[in-house]
Amino acid sequence: MLRLPQFQVESPDTVEGVVAALQRHAGARVIAGGTDILPNLKHFLDTPPVLVSLARVTALRGLQRDDAAGLLRIGAGVTLTQIAEDAQVRALFPSLAHAAGIVASPVIRNMGTLGGNVNLDTRCRYVNQSEFWRGSIGGGCLKSEGNVCHVVPKGRNCVAAMSSDNVPVLISLDANIVLVGPEGRRVLPLADYFHADGVAHTLARPGEVTVELQLPLPAGPRRARYTKWSVRRSIDFPLLSVALRFDLAADSPHAEVLAAKVVVGVLGAKPRVVTRLDEALGKPLSDPAVARIVSEATHAQCKPLDNVPYEAAYRREMLRVYTRRGVEAMVAEG
Amino acid sequence: MSHLLLSMTVNGEAVQVAAPAHHTLLEVLRYKLDLIGTKQGCDKGDCGACTVQIDGVPQLSCLTLAVHAVGRAVTTVEGLGQQAGGCHPLQDAFDRWNAAQCGFCTPGILLSAEALLRRCAGREPTRLQVCEALAGNLCRCTGYTKIIDAVLDVGRQMAVAAAASAGEVAHAE
Ligand SMILES: Cc1cc2nc3c(=O)[nH]c(=O)nc-3n(C[C@H](O)[C@H](O)[C@H](O)COP(=O)(O)OP(=O)(O)OC[C@H]3O[C@@H](n4cnc5c(N)ncnc54)[C@H](O)[C@@H]3O)c2cc1C
Ligand code: SF4
Ligand code: FES
Ligand code: FES
C-alpha cells in the first residue's frame, strides 16, 4: 500500500481560476489525469500543500481544426485515448495518433491527458522508487532528498530522462505550446519549452499552465512515424523514442525528400533534434541511403545515459536499429 | 485531518462518504464503503487490479483522487453482477473457462472487458482487440489464454444475440 502525503484539493472551473489558485498557494501543483503526479507523490518526491485539479476546466477539452489559422488545436485536457482515436488526428497526424495510442496502457490512456504528458516529470531508475528504496542507497539524489547524482557521479546537474512518448512527435510536427500564467498568455515552439535540467526540465514560469498544443496543418505530402522501444509492448515507458518526419516532393515513398526532421527522447532531460541530415535531401525516401544517413546521424549525435533500465551502450546501438527500421517501415507502408 | 463529504453514485446507488482530500477512490471504495472486490495491487498504475469504471470508462482507482469521482457514476465488480441481475455473462464465462485462478486480477479484467464488449455493440471482437483492451491488466497466474477465450466467448454470444434480434426486427417489418 502506498499512501499519498496529505494535501488539499481545489477544483476551479476556469483557466483563470487555476492560475489564481496556483498563486494563492505556494508550492501548489496542477493535477490533470493524475497518472504521473500521483505515483510520484506516493513516492514522496514532493509534498505539495494543495493540488489544483483541472478536472472541471471544460475549456481545456477541445480538439478542433482551425482552417483560418492553419492549425489543429488540441486542448491540454484531451485524453490520450481521444487523441489516438480521433479521425482528424489519425488522418492528418498519424505519428501522433500512434504515439498517443501506445502510451502506458488502455486504462491509463483513458485518464492521462496531453497536457500531463507534455509536462510529464523526467524519469530515472534512482528516483522513481519508494522513499525506503532511495534511503537504502544512501538517501536519494539531486532530484529527491540527496545531493549527488548516481548516473553521473561527479555531475552537478540531474540528467533524468524526458520520457514522454508524444513530445518527440509533437516537436517533429513543429507543434507550439500555449501557456497561460499570471502574466498572461504566450505561445512558444514546443522544442524551446524544454531545457537540460532533470529537476526542472520545462521553461514554464511559476503559476503557468499549459492550455493547448497547436499543430500546423501539413502543407504538402509527407510521411511521419514514431518508433518506441520498451521492455513490454504495453504499460512500460519508452527506453528509446524516435519521431521521424519527411516532407516529400510527391505523395509516394519513392518521391524526393525535401526536408527531414528527427527528434529523439529518453536521452537526458531535453529531447534532441538531430541535425546535419542534408545528405538525405533530394534522394527518394525509398533509397536505402536515406535510412542509413538518418540512422547514422541519430546514432552519432544521441548518447543515451544510464538513467533508465538497460545499458546505455546497448540503447545507443538500438537507437541506430530503431531509426533505420522506422524509415524502412514508412517505405514499406507506401 | 479534515474530511470532505463526497457525493457520487456507486453501483447505481447515490452515496455520500466522508474522506480526506488526499484519499484515492480505491481507498474510499475498500476502506469506507467495504467494496473489497476492487483490489489494491501495486497502488501506482502498473497492474490494473484496481480498475473500476467511471461513467462507463475503465480507469485506475489507485490513481484517481476520490474527489475526482464526485458527481460521477462508479461501477465496481460488485455492480457488474448487480447490473446483470445476479451474474454477468462475463463472470459466468470466467467460471466456465477457468479464467480465474487466484482471482486477484479478475475484478479489474472484468471491468476492462465489459467496456470493450459494450463498445463493440453487438459486433464480435477480434482476439487482438481483446488482447489490446486487457493490456493494462496484469495476471500472474493464468497466462491470459483462458481469460481471452472467456471474453471472446461472451463477445461471440453477444454478436449472435444481436444478429438474432436484428433478424426479428427485420422479420416483424
Ligand atoms: C504504469 C505507467 C506507465 C506509463 N507509461 C507511459 C509511457 O509509456 N509513455 C508516456 O509518455 N507516459 C507514460 N506514463 C505517464 C503518464 O501516464 C502519461 O504521461 C500521462 O499522459 C500523464 O498525463 P496526466 O494527465 O495523467 O498527468 P498528471 O499526472 O495529472 O500530471 C503530470 C505532470 O504534469 C503537470 N501538468 C498536468 N497538466 C498540466 C497542464 N495543463 N499545465 C501544466 N502542467 C500540467 C502536473 O503538475 C504533473 O507535474 C505512465 C504512467 C504509469 C503510471
Ligand atoms: S539523473 Fe542523477 S540526480 Fe537525476 S534523478 Fe537520476 S540519479 Fe538523481
Ligand atoms: S493497484 Fe492500481 S494499477 Fe495496480
Ligand atoms: S488469476 Fe491470479 S493474477 Fe490473474
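Cut-offs used in this document
- Residues numbered from 1 in each chain as written.
- Chains lettered and ligands numbered in written order.
- Predicted model: local features only at pLDDT ≥ 70, side-chain atom pairs only at ≥ 80, totals over all residues.
- Heavy atoms only, no water.
- Pairing = 2+ DSSP bridges.
- Helix = DSSP H or I, 4+ residues; strand = E, 2+ residues; numbered from the N terminus.
- Axes fitted to C-alpha atoms, helices over the stretch in contact; angles between N-to-C directions.
- Contact = heavy atoms within 4.5 Å.
- Domains from an automatic or database assignment.
- Buried area = accessible area lost by both parts, 1.4 Å probe.
- Salt bridge = Lys/Arg side-chain N within 4 Å of Asp/Glu carboxyl O.
- Polar contact = N/O pair within 3.5 Å; in protein donor to acceptor, adjacent residues only side chain to side chain.
- Nonpolar A, V, L, I, M, F, W, Y, C, P; charged D, E, K, R; others polar.

Colleague: Just checking my understanding: could you explain the sheet that holds strand 2 (residues 13-19) of chain B for this structure?
Modeller: Sheet strands line up and pair through hydrogen bonds in the backbone, either parallel or antiparallel. All names here are of chain B. Within the open sheet, the 5 strands sit side by side as 2-1-5-3-4. Their pairing is mixed. Both edges of this open sheet fall to strand 2 and strand 4 (57-60), since each of them pairs with a single strand only. Neighbour to neighbour, the strand axes of the sheet diverge by 40 degrees on average, direction disregarded. When strand 3 (residues 51-54) meets strand 4, the two strands line up antiparallel, connected through 4 bridges. Pairing of glutamine 53 across the sheet is with proline 58, part of strand 4. Lying over the sheet, helix 1 (residues 25-32) contacts strand 1 (4-10), strand 2, strand 3 and strand 5 (73-75), oriented at roughly 100 degrees with respect to strand 2. Each of strand 3, strand 4 and strand 5 is contacted by helix 4 (residues 106-120), which is oriented at about 40 degrees to strand 3, the strand it contacts most.

Colleague: Just checking my understanding: could you explain the domain arrangement of chain B for this structure?
Modeller: Frequently, the measure chosen for interface size is the accessible area removed from exposure when the parts meet. All names here are of chain B. Along its sequence, chain B is organised into domain 1 (1-84) and domain 2 (87-173). Listed by partner, the interface residues are 20 residues for domain 1 and 16 residues for domain 2. Between domain 1 and domain 2 the total buried area reaches about 1400 Å² when both faces are included, carbon and sulfur atoms providing 63% of it. At the surface where domain 1 touches domain 2, the tally comes to 0 salt bridges. Applying the counting rule to domain 1 against domain 2 returns 7 residue pairs in polar contact (both at pLDDT 80 or more). Partitioned by chemical class, the residues of the side of domain 1 that touches domain 2 number 7 nonpolar, 11 polar and 2 charged.

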